[in-house]
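Structural overview for review
Chain residues, written in single-letter form:
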Amino acid sequence: MSNQQEFTVNSQDYATTKVPESATTGGLSIGMINGSLAFSVPGLITGVEVGNALGLLHSIHAFLIGGLILSILGAFTGIVGAKNRYTSCITLKFVFGEYGAALISTLFVFALLGWYSVNLDLFSTSLQQLSKQTIDVELSLSLVEALIGVLITIATIWGFNLIEKLSNYLVPIMVMVLFYMLYQSISFDFVIAEPTQSTPMSFGEAVSIIVGSFIVSVVLMPDFSRFAKTSRDAITASFLPFLGISSFVYVISAIAGVAVSNDDILSIMLMLGLGYLAFFLLISASFITNVVNLYSAALGANAINMKWKKRNLVIVLGIAGTVVASFNLLDNFTDFLFSLSIVFTPVAAIYVVDYFFVRNQVAYQPHELERGNKVNIIALTAWGFGILSSLSVNQGFFTLTSIEVFDAIIISSAIYYLLVHRFKTR
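So, a few notes on the structure that sits alongside this text.

Quick notes on the rules
Residues numbered from 1 in each chain as written. Predicted model: local features only at pLDDT ≥ 70, side-chain atom pairs only at ≥ 80, totals over all residues. Heavy atoms only, no water. Helix = DSSP H or I, 4+ residues; strand = E, 2+ residues; numbered from the N terminus. Buried < 20%, exposed > 50% of the residue type's maximum accessible area, 1.4 Å probe, protein only. Contact = heavy atoms within 4.5 Å. Areas by Shrake-Rupley, 256 points an atom, 1.4 Å probe, with all protein chains shown as cover. Core = buried A, V, L, I, M, F, W, Y, C linked by side-chain atoms within 4.5 Å. Salt bridge = Lys/Arg side-chain N within 4 Å of Asp/Glu carboxyl O. Phe/Tyr/Trp six-rings, centres within 6.5 Å; stacked < 30°, edge-to-face > 60°. Lys NZ or Arg CZ within 6 Å of the ring centre and 35° of its normal. Expected span 1.5 Å × (residues − 1).

1. Thoughts on the overall build of the protein
The helix and strand tally for the protein stands at 17 helices and 0 strands. Within the protein, buried positions represent 58% of all 426 residues. Of the contacts formed within the protein by residues at least 6 apart in sequence, a portion of 85% connects residues at least 24 apart. Of the roughly 17200 Å² of accessible surface on the protein, a fraction of 64% belongs to carbon and sulfur atoms.

Okay, here's the thing in structure tokens:
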């Protein structure tokens, strides 16, 4: 049986077991999956809002610094997945203990459902507006959300193989659509504008928002990098989407927002004459993004209780995400991204330090879970200090680097490493 056939027929996607070497793939294909997420409507909105808040030049600096943080951290978390072949939520059990990992996995599931609902809400609203403006037909918002939710749920049940295929075909097309949007933007009376958004945003907050836009993907990188053939493939799968593709999307969307002096992404697309290209971009990007969100949410829930069947979890979570879409998280979108960066950046830092510096890259073994502690107090303590440090920097109480996520990485990593060695010595 070929690797491709094995991917297709295995509906479990090795959710609770190691991925065999025969089922691995290249880093480019894996990178395209996370790269496709950058083209989602929230990704475009992030670029527009940061661009309007900081001005074009400063926002580009924020995009690149945020992308570099994500890429480096994602390379490390990706290597952990490639070396151990476990999902991120199983990996967390080795570091945080069974109950500690269950707590974090539960937060992941809620965060992914939040992303799912944001994408579904944006997609449905944009589709409604596009149909009204292009063919003068007003669709029912609740009906559109329900139908798209069903299609996404069905696609997710097919698993990683379908996500990989869709991403490989659609990402190059979406890149061309963005280039067209850039061309149309430059044709306007384009100037490098100063900040136009009335809501204040510091440079550190902007970087944290960029990191927050992909930090869940970085922490959950082993869900996909466990299929990577080598560590080099895992590194490629990180730098390609987080520094390359996402920065490209953010910069172009920021340029478009500045060019037309608007902060509504759908209005920007229509003013730039994208029309049906905007329709295609919204449909394809939102569809792939939510398949990935639902896939990772199901893996997280499956890791909390391995007796639950992944197929049933996908269906239940798909329904739940469709219901949550009606809560309109968009009203506090940048706050949502900042919260994700605060909560999940220390998690990635801690399990990277654990694997590379505490264990010295010794692979995790199943028997460790059977005899290990249910809760790793040291890991949870370091996680808590990482969260507190981000909040303290944001409120101006102290700072090491003036960038919240940088400080969270430094403090949580240092506390975890020092406490582990302190207790080992004693």
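We are not done yet, so read on.
2. Remarks on unusual backbone geometry
Backbone geometry at Asn-360 places phi at a positive 55°, although glycine is not the residue there. Tracing the sequence through the fold places Asn-360 in the loop between helix 14 (333-358) and helix 15 (366-371). At Gln-361, a residue that is not glycine, the phi angle is positive and equals roughly 65°. Take Gln-361: it is sitting in the loop between helix 14 and helix 15. Judged by relative accessible area, which is 42%, Gln-361 ranks as partly exposed.

3. Examining the nonpolar core
If you look at the biggest cluster of nonpolar residues, it comprises 133 residues, and the most contacted ones within it are Phe-39, Phe-96, Phe-108, Ile-215, Val-216, Val-347 and Tyr-416. When residues of this core are assigned to their parent elements, the largest contribution, 20 residues, is made by helix 5 (residues 88-134). Residues contacting Val-347, with those up to four places away along its chain left out, are Leu-92, Phe-96, Ile-104, Phe-108, Val-219 and Trp-383.

4. As for the pattern of salt bridges
A full pass over the atoms with the stated rule returns 3 salt bridges. When the shortest N-O distance is used, the salt bridge between Glu-21 and Arg-85 registers 3.3 Å. Of the two residues, Glu-21 sits in the loop between helix 1 (3-9) and helix 2 (27-37) while Arg-85 sits in the loop between helix 4 (56-84) and helix 5, which places them 64 residues apart along the sequence. Under the relative-accessibility criterion, Glu-21 is labelled exposed at 53%. The residue Lys-374 makes a salt bridge to Glu-98 at a minimum N-O spacing of 2.7 Å. Here the residue Lys-374 occupies a position in the loop between helix 15 and helix 16 (377-394), and Glu-98 occupies one in helix 5, the gap between them amounting to 276 residues.

5. Topic: the packing of aromatic side chains
Summed over all chains, the structure comprises 10 aromatic pairs. Their ring planes at 20° and their centres at 4.6 Å tell us that Phe-94 and Tyr-364 sit as a pair that is stacked. Pair noted here: Phe-94 is in helix 5 and Tyr-364 is in the loop between helix 14 and helix 15, with a separation of 270 residues, a long-range link. Three or more aromatic residues joined by ring pairs form one cluster here, namely Phe-76, Tyr-86, Phe-94, Tyr-355, Phe-356 and Tyr-364. Between Lys-374 and the ring centre of Tyr-99, over which it is positioned, the NZ or CZ distance is 5.9 Å.

6. A short note on the environment of Ala-278
With respect to the helices and strands, the residue Ala-278 is situated in helix 12 (residues 276-304). According to the relative accessible area criterion, Ala-278 is buried, its value standing at 0%. Considered as a pair, Ala-278 and Ile-268 are 10 residues apart in the sequence and their alpha carbons are 9.8 Å apart. Contacts of Ala-278, omitting those with residues within four sequence positions, involve Leu-130 and Met-269.

7. Some thoughts on the environment of Leu-92
Structurally, Leu-92 can be placed in helix 5. With sequence-adjacent residues up to four places away left out, Leu-92 is seen in contact with Gly-97, Ala-101, Ile-104, Ser-105, Phe-108, Val-347 and Tyr-351.

8. A few points about helix 4
The end-to-end C-alpha separation of helix 4 is 41 Å, in line with the 42 Å expected for 29 residues at 1.5 Å each. Backbone geometry just downstream of helix 4 places Arg-85 in the positive-phi region, at approximately 70°.

9. Some thoughts on the environment of Val-218
As for its position among the elements, Val-218 is in helix 8 (residues 203-219). Take Val-218: its relative accessible area is 0%, and that puts it in the buried class. Residues Val-218 and Ala-348 lie 130 residues apart in sequence; the distance between their C-alpha atoms is 7.4 Å. Once residues within four sequence positions are removed from consideration, Val-218 is found in contact with Leu-70, Leu-73, Gly-74, Thr-77, Phe-242 and Tyr-351.

10. Quick look at helix 3 (residues 41-54)
Over its 14 residues, helix 3 runs 20 Å from end to end, which matches the ideal 20 Å to within 8%, given 1.5 Å per residue. A positive phi of about 90° marks Gly-55, the residue just after helix 3.

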